[in-house]
Amino acid sequence: MAAAGPAHLSSGKINLGVLRDHYRRELIECIDKCTGTKALVWDDALTGPFGLVAEYSLLKDHEVEKMFPLGPKTLQASNVQNIIFLTRPKLKLMELIAQNLLNEDHKGPQRTEFHLIFVPRKSLLCEKKLKEMGVFGTFTSVEEFSLELIPFDNDLLSMEIDTTFRECYLENDFTTMFYVAQSIMTLQALYGIIPYIYGKGDCAKHVVEMMRRMKGELGGREPQITPQIDNLLILDRNVDLLTPLLTQLTYEGLIDETFGLNNTSVKLPAEKFIPKNQKPDEPLEPKKFILNSSDELYADLRDKNFNAVGSIVSKKAKAITLEFDERHQAKTVGEMKQFVTKLPHLQKARESLTTQTSIAELVKEATNSDGFMETLRCQQDFTNGLETDKIHPYIEECIAKKDSITKILRLICIQSYCNDGLKPKILEYYKREIIQAYGFEHMITLMNLEKTGLLKIHGIRTYAIIRKSLKLIVDDVNEQVPNDISYVYSGYAPLSIRLAQYLARPGWRSITEVLNLLPGPKVEEIQQIPVALRKRRNSITSSHSSTGEQRVTLVFFLGGVTYAEIAALRFLAQQDEGHTEYIIASTKIVTGDTLLLDFLPLTPITPP
Amino acid sequence: MATADWNPLGNVYYRNVELYQMDWNGLLELNQYMIAAAPYGGPIALMKDDKKTGRVSTNVKPIINVYNAAGKPLSQLRWNSGNVVHLGWSNTEELLCIQDNGVILVYDIALNFKRTFGMGQEAKEMKILDWKVFSSFQGTGIAVMTTSYRIYLINNVDDPRVRKLAEVPDLNSAPSSWTILNLDRQSRALVAKDAQLFLVDHGGQYQEQFPELASPVTAFIEMAVSFNNKLLAMFTDKGVIWIGSSDLKKVYCEFNTKASQRPQQLAWSGVGAVVALWDKLCIVVGPEKDWIKYNFESFVYLVQEEDGLRIIGNELHQFLQKVPDVTEQIFKIGSMEPGAMLYEASKEFSRRSQKADEYIRMIKDKLDVAVDQCIQAAGHEIEPSKQKALLRAASFGKCFLTDYRPEAFVDMCQMLRVLNQVRQFSVGIPLTYTQLNHLSVPVLIDRLVLRKLFCLAIRICHYLKIPDAEGASRILAHWACYKVQQKHEDEEQLARSISQKLLDAPGVSFSEIASQALEQGRKQLAIKLLDYEPKASEQVPLLLKMDQNNTALSKAVDSGDTDLVYTVLLTMKDKISNMGEFFMAIRQMPIAYSLYIQYCRQQNPKLVEDLYYQEDNFLAEGNCKVVSSYSEEMFEDRIRKLEAAITCYQKAKMEFASKQTEDQIKLLKIQRKLEDESNKTYIDMSLHDTMYKLTQNGNHKMTEQLRKDFKVPDKRFWLLRMEALAESSDWTELERFSKSKKPPVGMEAFVDVCMKYYNRTEAMKYVNRVTPDQKVKCLVKVGNLKEAADSALESRNEDSLNIVLSKAIQSNNKQLIETIRDYKIRLNTKK
């Protein structure tokens, strides 16, 4: 539960520390409603996000003495006055909670009071379930804590809801979209009304409509703050299903692809991080690292193409050595003193350098494998529109070798996308192969993928047009000193980010045709800002004119965003001619694997 | 003269200002009535009192009349309940009618019945003897004394909780007087048992009090507590008025009135003076034993205010107050205060006299004080002409000041405008500036709304620029609630006129108005009004309450709030007993329908299947069956489920799915047979894994059989078999396999598989068989870099040579690196 201090959150154009403080206040308010000592029982999925909002010491200050993960038999004998369950509103979890409480009943009457806090919202269904199981009355209080967007970094927010894509496109359940709309309202309450809203996709439209309603519900009691965010761009994941399926080639993206980043932390094999001369006898627990912009070097590296990481690391290493060597030149006491004051910073830098070097080596091992290179080649063939209309031998081979199912599905989905759907015969062949190799249960998986459009029978040709007009494929990509966002996938520019880029300049009107080819409606809306609250020096009409002033755009991805896309947006913000600063929000940070994992049957699956 | 009506009381002055000529709707003799007048210029309630008229009580029920402070009739009610002994007003201007059985009936200002409550069993049975309506720290309280001399009290009429106070020891007859004191956030009664004083509380405690008292006393026969609860006046049977603090610890004075008769009313004027009233004579007694006498032409009634005393008579409504300090400073004859000078200057200025300049010069340094004084003094005047004169003076003085902040002046102008408006005869709320500050503008607005003066209230809000959400919207909502109660108006028109007015008003709760309409039994109107409610979370429950299920559902869906949709769905499910009908109802709304399926999927999967069946969604039904087949424990049940699924898929014309399911059944049956034969688990393995396992177990015949039956593609079959053989280290079989026919995979695949299981020797066998173009690569794979380099040189392929070189660098083989560099040179020179 260790949380990095909020300092790095406040360093952006928009101070996301404010949001974090808002959540902390709400949480404490919630917890303080019951007096006396407390034990918290956590829904496991919440511990990560909460760790980023409230560290243990804060909870301890409010008389939280113990914390347990929610399991079938969680409650241990403890003499706290209150036991608080913190949970998402899921029926499965209600069953677990009920089980715990019923067990507790057997132990006889106790003085403990039970409380329930739903995150992010109370749910009637869950309350009903608890009533049915006869434990609802046990709770002294039922509260809600609307933790919606968790600040990951100074420009990054995530809701950490991983089932969004499946729910919205397969099950027609838009609950998350309601949460999204609410979270944007929260942002607007803290940072002012966002004057311009753009969106693409069904869900985006849905969200904008709900926001309109919620605004109506506020009934004029809108926040009287000068808007700090100028534009809101809402993108459905299904507007761009190709990008997340491709292998990310930025440093951070690769860490996520190979080891999985959760709530900005990653678990890595510990062997790599101990001095070589002391090899342990028994296998070590994986070591956990928190990766965010509070580490200067990581902030530098994370968005670079992995091929550029090596040179930066070595440059940094030289610089640090140079600085350390300064002490030899320090002659006077003053110089010495100056050096000593720099020392903690230097040592920290050196430590970070060691860590990053080891992580980079681990990633390098993964990327050096033949499989990795061949997968990449296969992907690049497809995105270039080559070999898409036949059965690809590499996919065939992977199936035969029983590579991970997500890898296979990713490749086939990419092929399907780049071919605007597969020929029925080819699709059937792949399907049959997958069922034979991985089991019959995947027939449902495949049907579900077809239902969401990740896989489809070939239809109207659009990919080639989209590829050309949005310049998705860039041949002369410079990985070291990039001049275009395509560096994040070494030659492929993420479609979603191209949309953001065109929106900023020259505007979506220039790509109307392409937008029409992409699924879902286009949304454009202006929210009126009272004259007194408007920023000076810009008129409504020239929203995109170069006033020289930096505008802030919040890009909200519905259904997930990849680290490579985030890197691309950050790259756009850094460009000289770009006058746009980006804040990125998403329902979840995903990779192709995690996106597809949600479609697999619930039988045991080994994660990548 | 401004000071004409001033009377000195010690070193301060008192003045009696006329507020209104009373209307009383014609002739009226106040002394025949039971009177209740609310503070803060509130309404006056009158009820004919039989005891006072001396008439024999008849069976004719009395009439209660409510007037505003100017005597303008507001409402009337013929009493048809029990015997009212006292009338009082709460702090929210509700009329409290206290009956002799301790039951209190609460009416609003328009005399609409609101609620009732009692003061306990004892009061009911024994009847009550006396009563006090007082303002407590929680609101308005009521205390009653039963005929057995016990006191019961409640602290808040909005939340009546009856508490019994401690009994006064040996009280065998009615106490000579008593009152309620609010001290330390607790209400206690001060009871005089003749000359003895007892303080009783609801904790069962009583304390005898011994206030300092010089003159002899045999009984305290009247008591009065000041408006702010801090001061107490007591009247003794010897005609002495004792004035002190309400905790009885401090005495200010004892004043002998030499009157033996009990005063009709004893009251405080603000906090500075006690007023005792006998019939048409009253004396005002100050804390320093100074006094003033006033005579009245007829019966009067006294109402205590925060800063004075209102005197209501048959013809006149007057206000007795201490002349405020600023007013005194300006108008006192011979005053040299800056304010007074400025006022003079202003007067001279309007007369175009140069004296104005002289006056201004005199107070040049204190001009700001002068302006402040004039502004403040204006606030204390009732007469608009005097207000104007003072404000003009202030404005005149302001001209000579460069950096005077205008807020105070503007605020005062605004407040006076509001005050003058509400003091109008038709409104009849004679508030002073001090009272308004204490009451606050929002409360004043509420009071106007209570009197149905919606238009004035809204104008005031607009005039004071109160945000719509806090001001105008609230008033409009009240207006609408009032409107829906008027049954004679056409519903359609009503809905339209309400929505027209309210739609642009932010923050109006249409659901509140709608529920008001529903209370009035106007369901259609309620439904129409609810349509305008922006908050689905308030709209939907009310719609459900009115059985508007479908509208509720569509509104819930529109809101996007899943929980709200479930609220409707589950309520509907409970209401509609016929499931078919329920499904029909929700099928119209795809989102609601999918959410219901989501719910069932977690709670009742079988129901999902039924749902799909009902709507002929065979594909989905088939999928459900497939999924559920996995949880069947019996093998036969499982097959049956899958067979049923096939039927579904066939109906859905899903050939592929039905073929695959058929294959699955076939596979399961084979696996079952294999398990029976071999005592190993096969069920639930994929075809691929089954073949793999069979190969490893050496059952090549069965593997071959499966390959044919399920048409496994050659290439995959080969790779599968190679891998299985290599993993189980069956190298001979692998080699035989490689030679069985021309492999559909390259020889390098054999190399790979051998290397994967760390058998370099076996791998080498196949390296020799690979096509020349693959040779270098394979040699690298087996780690034979030297040979790889040689081979590359032989095939004269520089690219291959480079690959080998990079590997050599990686393994840091210095000798080899040299060799390869040498080769490269040779290669280049040969060209």
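Going by an unreviewed UniProt entry, chain B carries the name Vacuolar protein sorting-associated protein 16 homolog and comes from Patella caerulea. Turning to chain B, the UniProt annotation filed under Sequence similarities (unreviewed entry) states: "Belongs to the VPS16 family." Quoted straight from UniProt, the Function (unreviewed entry) entry for chain B says "Plays a role in vesicle-mediated protein trafficking to lysosomal compartments including the endocytic membrane transport and autophagic pathways. Believed to act as a core component of the putative HOPS and CORVET endosomal tethering complexes."

For chain A, an unreviewed UniProt entry supplies the name Vacuolar protein sorting-associated protein 33A and the organism Patella caerulea. Heading Sequence similarities (unreviewed entry) of the UniProt record for chain A holds this comment: "Belongs to the STXBP/unc-18/SEC1 family."

A. Structural context of the overall build of chain A. The helix and strand inventory of chain A stands at 22 helices and 15 strands. The C-alpha radius of gyration computed for chain A amounts to 26 Å, which stays within 12% of the reference 25 Å derived for 608 residues, consistent with globular compactness. Seen through its principal axes, chain A has C-alpha atoms that stretch 75 × 70 × 70 Å. Residues counted as buried form 56% of the 608 residues belonging to chain A. In chain A, the proportion of contacts linking residues at least 24 apart, taken out of those at least 6 apart, comes to 78%. Counting only carbon and sulfur atoms, one obtains 52% of the accessible surface of chain A, whose full area is about 26100 Å².

B. A look at the overall build of chain B. Per the secondary structure count, chain B includes 34 helices and 29 strands. Taking 2.2 N^0.38 as the reference for a compact globule, 831 residues should give roughly 28 Å; the C-alpha atoms of chain B span a radius of gyration of 49 Å, well beyond that estimate. Viewed in the frame of its principal axes, chain B has a C-alpha envelope of about 140 × 75 × 60 Å. For chain B, the proportion of its 831 residues judged to be buried stands at 52%. Looking at chain B alone, contacts between residues at least 24 apart form 48% of all its contacts between residues at least 6 apart. Put simply, chain B shows about 39500 Å² of open surface, and 48% of that area lies on carbon and sulfur atoms. Computed over 107 positive and 105 negative side-chain charges, the inter-centroid distance for chain B is 5 Å.

C. Broad picture of the packing of aromatic side chains. Applying the stated criterion to the full structure yields 33 aromatic pairs over all chains. Here the aromatic rings of B:F198 and B:Y206 are separated by 6.1 Å at their centres, their planes lie at 70°, and the arrangement is edge-to-face. Note on B:F198: relative accessible area 3%, which makes it buried. These aromatic residues form a ring-pair network of at least three members: B:Y566, B:F582, B:F583, B:Y596 and B:Y599. One cation-aromatic arrangement involves A:K131 over A:F136; the distance from NZ or CZ to the ring centre is 5.0 Å. Between the NZ or CZ atom of B:R707 and the centre of the ring of B:F717, over which it lies, the distance is 5.0 Å.

D. Geometry of a negative patch on the surface. Residues and elements named next belong to chain A. Negative charge collects at one region of the surface, where E29, D32, E63 and E65 lie side by side. Tracing the sequence through the fold places E65 in strand 2 (residues 64-69). With relative accessibility at 43%, the residue E65 sits in the partly exposed group.

E. Geometry of the interface of chain B and chain A. With 48 residues of chain B in contact, the opposing surface of chain A contributes 46 residues. Roughly 4200 Å² of surface becomes buried between chain B and chain A when both sides are summed, with 57% attributable to carbon and sulfur atoms. Note that A:E433 is salt-bridged to B:R716, the shortest N-O span being 2.5 Å. Scanning the region where chain B abuts chain A turns up 21 residue pairs in polar contact (both at pLDDT 80 or more). Listed by contribution, the elements that provide at least two residues to the side of chain B that touches chain A are helix 17 (549-559), helix 18 (562-575), helix 20 (590-603), helix 22 (618-629), helix 23 (635-651), helix 24 (655-678), helix 25 (687-696) and helix 27 (714-727) of chain B. Element by element, the count of residues in the side of chain B that touches chain A is highest for helix 20 of chain B, at 9 residues.

F. Just the confidence of the model for chain A, in detail. On average, chain A scores 87 in pLDDT, and the residues at 70 or more come to 92%. Predicted confidence is poor over residues 603-608 of chain A, with pLDDT under 50, and the contacts of this stretch with residues over four places away or in other chains come to 4 contacts.

G. Representation of empty space enclosed by the protein in the model. Within the structure shown, the criterion is met by 10 cavities of 30 Å³ or more. If you add up the space inside the second largest cavity, you get close to 110 Å³. If you go around the second largest cavity, the residues you meet are A:R432, A:I435, A:Q436, A:G439, A:F440, B:Q660, B:D663, B:Q664, B:L667, B:L687 and B:F710. The set of elements that each furnish at least two residues to the lining of the second largest cavity consists of helix 16 (424-438) of chain A together with helix 24 of chain B.

H. Unusual backbone geometry, seen in detail. Put simply, A:V119 and A:P120 share a cis peptide bond, and its omega is 0°. Within the secondary structure layout, A:P120 lies in the loop between strand 4 (113-118) and helix 5 (124-132). With an omega of 5°, the peptide bond between A:R505 and A:P506 qualifies as cis. Structurally, A:P506 can be placed in the loop between helix 19 (495-504) and helix 20 (512-517). A positive phi angle, close to 60°, is found at B:Y758, a residue other than glycine.

I. Molecular detail of the packing of helix 11 (residues 306-329) of chain A against helix 12 (residues 333-368) of chain A. All names here are of chain A. Viewed as axis vectors pointing N to C, helix 11 and helix 12 meet at an angle of 155°, and their least axial separation amounts to 9 Å. With respect to their mutual orientation, helix 11 and helix 12 come out roughly antiparallel. For the crossing formed where helix 11 meets helix 12, the hand is left-handed. Partitioning the contact of helix 11 with helix 12 into residue classes produces 14 nonpolar, 4 polar and 8 charged.

Procedures and definitions
Residues numbered from 1 in each chain as written. Chains lettered and ligands numbered in written order. Predicted model: local features only at pLDDT ≥ 70, side-chain atom pairs only at ≥ 80, totals over all residues. Heavy atoms only, no water. UniProt positions renumbered as here; feature names shortened; annotations may be inferred. Helix = DSSP H or I, 4+ residues; strand = E, 2+ residues; numbered from the N terminus. Rg over C-alpha atoms; globule rule 2.2 N^0.38 Å. Buried < 20%, exposed > 50% of the residue type's maximum accessible area, 1.4 Å probe, protein only. Contact = heavy atoms within 4.5 Å. Areas by Shrake-Rupley, 256 points an atom, 1.4 Å probe, with all protein chains shown as cover. Lys, Arg positive; Asp, Glu negative; His and termini not counted. Charge placed at Lys NZ, Arg CZ, Asp CG, Glu CD. Phe/Tyr/Trp six-rings, centres within 6.5 Å; stacked < 30°, edge-to-face > 60°. Lys NZ or Arg CZ within 6 Å of the ring centre and 35° of its normal. Patch = residues over 30% accessible without salt bridge, like charges linked within 9 Å, V, L, I, M, F, W, Y side chains within 5 Å. Salt bridge = Lys/Arg side-chain N within 4 Å of Asp/Glu carboxyl O. Buried area = accessible area lost by both parts, 1.4 Å probe. Polar contact = N/O pair within 3.5 Å; in protein donor to acceptor, adjacent residues only side chain to side chain. pLDDT = per-residue confidence, 0-100. 1 Å grid on protein atoms, 1.4 Å probe; cavity = no way out; pocket = protein on both sides within 12 Å on 5 of 7 lines; lining within 4 Å. Points joined across faces, edges and corners; volume = space filled by probe spheres on them. Axes fitted to C-alpha atoms, helices over the stretch in contact; angles between N-to-C directions. Parallel < 35°, antiparallel > 145°, perpendicular 65-115°, else oblique. Left-handed = near helix turned anticlockwise from the far one by under 90°. Nonpolar A, V, L, I, M, F, W, Y, C, P; charged D, E, K, R; others polar.

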